[in-house]
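Chain by chain, the residues:
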Amino acid sequence: MRTYHTPLDLVRERSPERPVALVRPDVVAVAARWFQDNFKGDVLYAVKANPSPWVIRTLAEQGLTAFDVASIPEIELVAAHAPGSRMAFMHPVKSRAAITRAYFDYGVRTFALDTHDELQKILEATGQARDLNLIVRLGVSAEGAAYTLSGKFGVGLDQAPPLLLAARRATEELMGVSFHVGSQCMRPTAYQAAMAQASRALVRAGVFADVVDVGGGFPSVYPGMVPPALDDYLDSIHRGFEEMKVHETTELWCEPGRVLVAEASSILCKVELRKGDALYLNDGSYGSLFDATHARWPFPVKLVRGSEAEAPSDELRAFRFYGPTCDSIDHMPGPFWLPEDVREGDYVEIGMLGAYGVAMNTRFNGFGDAETAAVGDAPMASMFGLAKRSIALPRADDAEERKVVRFSRPKGKAGQRRRRR
Ligand SMILES: Cc1ncc(COP(=O)(O)O)c(C=O)c1O
């Protein structure tokens, strides 16, 4: 993968025709180190957030070699780019064929479930294996997330006790609980509250959990959504864990997706046409801009104009975007603030799109074929620069970059628990 100092260098050198995923592996490395240094348990990356090989490889290079996978293609991806890693199949509904391949071909031992039927399916598809780690996904009520994820998966807390008991009896290895407080969770205490609910379900079932998996949901920074410091989330989880009725040996796991990758990548799009305040771009809601359409998130933007002869105007105005397909859903309302003289042939860098960006690409209308290039500038915002327990971040080149990131030495390892392979 070619590295450019800045997106402008890329545009000046070769005016790309296709959208470009601008990636910053160092930024993923910082996020991985921060989580591993500060989370008192095992960190499993939720591959769905960004399944790009460069992400998997960067995490593995940082020693983050545990992955939450949801399908056989995700398992194949991890096996190819981080061989020997530990994988947990955390989708609560899997095909029998997928379970069998995961268990026998890829050595996956950890499976999530939220029904008795899925438990039976896992047992049958693994030939009644006794060495499974069975994680019961609970449907907790958690507030404060931009995307609630409680509707589709998770056994209700009233129905949980018999399922917990059945899972406990079905394995000689680990039995655990997991939940998901929702993606882009803006309230740190949601975790502690969910853990209290999980603890009550376990007490009612009369079983101890070997694993408490708090899922994902850790937020990133977007315009209008500046979350509390990440430290507050970890403090809430560590407090919640102390309060749970669990064994000394019970393991704490988390499955962050968004927070590890969101700030590390942006998308460079070309302006194909301007109609008043509407810019027609070569990427859109069927490509990397799903959240800009469906959640109406006004991602941060920067104009990148290749021509040195004509600097962009200092006056900003609000724009909306249309993507390249013929569907009128392919509309991102923004507002996106750009120089008022933006025109055809300019490029727009849309920031904070490392999570659920390229992951959402489709081929509709023949589009969706983004390329990837590494860049050496800082992300548009950083949760890790804002964290109280800060960490050394890459590059301190200019004052502009210092606004979003803070440069100080990491504080060292915080009581890491034993890592399981
Ligand atoms: C089981 C599970 N774990 C982890 C995640 C990652 O969530 P996030 O990207 O919000 O951290 C998801 C997202 O849908 C999920 O379903």
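These figures come from a predicted structure and were not determined experimentally.

A. Region of interest: the packing of helix α4 (residues 72-81) against helix α5 (residues 96-106). Their axes nearest at 10 Å, the elements α4 and α5 cross at an angle of 20 degrees. Considering the angle they form, α4 stands roughly parallel to α5. The crossing of α4 and α5 is right-handed. Two secondary-structure elements touch here, α4 through I72, I75, E76 and A79 and α5 through A98, R101, A102 and Y106.

B. Up close: the domain arrangement of the protein chain. Domains assigned within the protein chain are domain 1 (3-21 + 265-375) and domain 2 (25-261). For domain 1 versus domain 2, the distance between C-alpha centres works out to 33 Å. Each partner contributes to the interface: domain 1 provides 16 residues, whereas domain 2 provides 18 residues. Summing both sides of the interface, domain 1 and domain 2 together bury roughly 1,300 Å²; the carbon and sulfur share of this comes to 65%. Per-residue buried area on domain 1 facing domain 2 is highest for W297, M352 and Y356; these three make up 43% of the total on that side. If you look at where domain 1 meets domain 2, you find 0 salt bridges.

C. Quick look at the site of the ligand. Taken together, 14 residues lie around the ligand, and S183, G217, E255, R258 and Y356 are the ones closest in. Between the ligand and G217 there is a distance of 2.9 Å, counted from an oxygen atom to a backbone nitrogen or oxygen. One of the side-chain nitrogen or oxygen atoms of Y356 is found 2.5 Å away from an oxygen atom of the ligand. Coverage of the ligand by the protein chains reaches 90% of its 400 Å² of free accessible surface. Here the residues of the shell around the ligand sort into 4 nonpolar, 5 polar and 5 charged.

What counts as what
- Residues numbered from 1 in each chain as written.
- Predicted model: local features only at pLDDT ≥ 70, side-chain atom pairs only at ≥ 80, totals over all residues.
- Heavy atoms only, no water.
- Axes fitted to C-alpha atoms, helices over the stretch in contact; angles between N-to-C directions.
- Helix = DSSP H or I, 4+ residues; strand = E, 2+ residues; numbered from the N terminus.
- Parallel < 35°, antiparallel > 145°, perpendicular 65-115°, else oblique.
- Left-handed = near helix turned anticlockwise from the far one by under 90°.
- Contact = heavy atoms within 4.5 Å.
- Domains from an automatic or database assignment.
- Buried area = accessible area lost by both parts, 1.4 Å probe.
- Salt bridge = Lys/Arg side-chain N within 4 Å of Asp/Glu carboxyl O.
- Near = heavy atom within 4 Å.
- Polar contact = N/O pair within 3.5 Å; in protein donor to acceptor, adjacent residues only side chain to side chain.
- Areas by Shrake-Rupley, 256 points an atom, 1.4 Å probe, with all protein chains shown as cover.
- Nonpolar A, V, L, I, M, F, W, Y, C, P; charged D, E, K, R; others polar.

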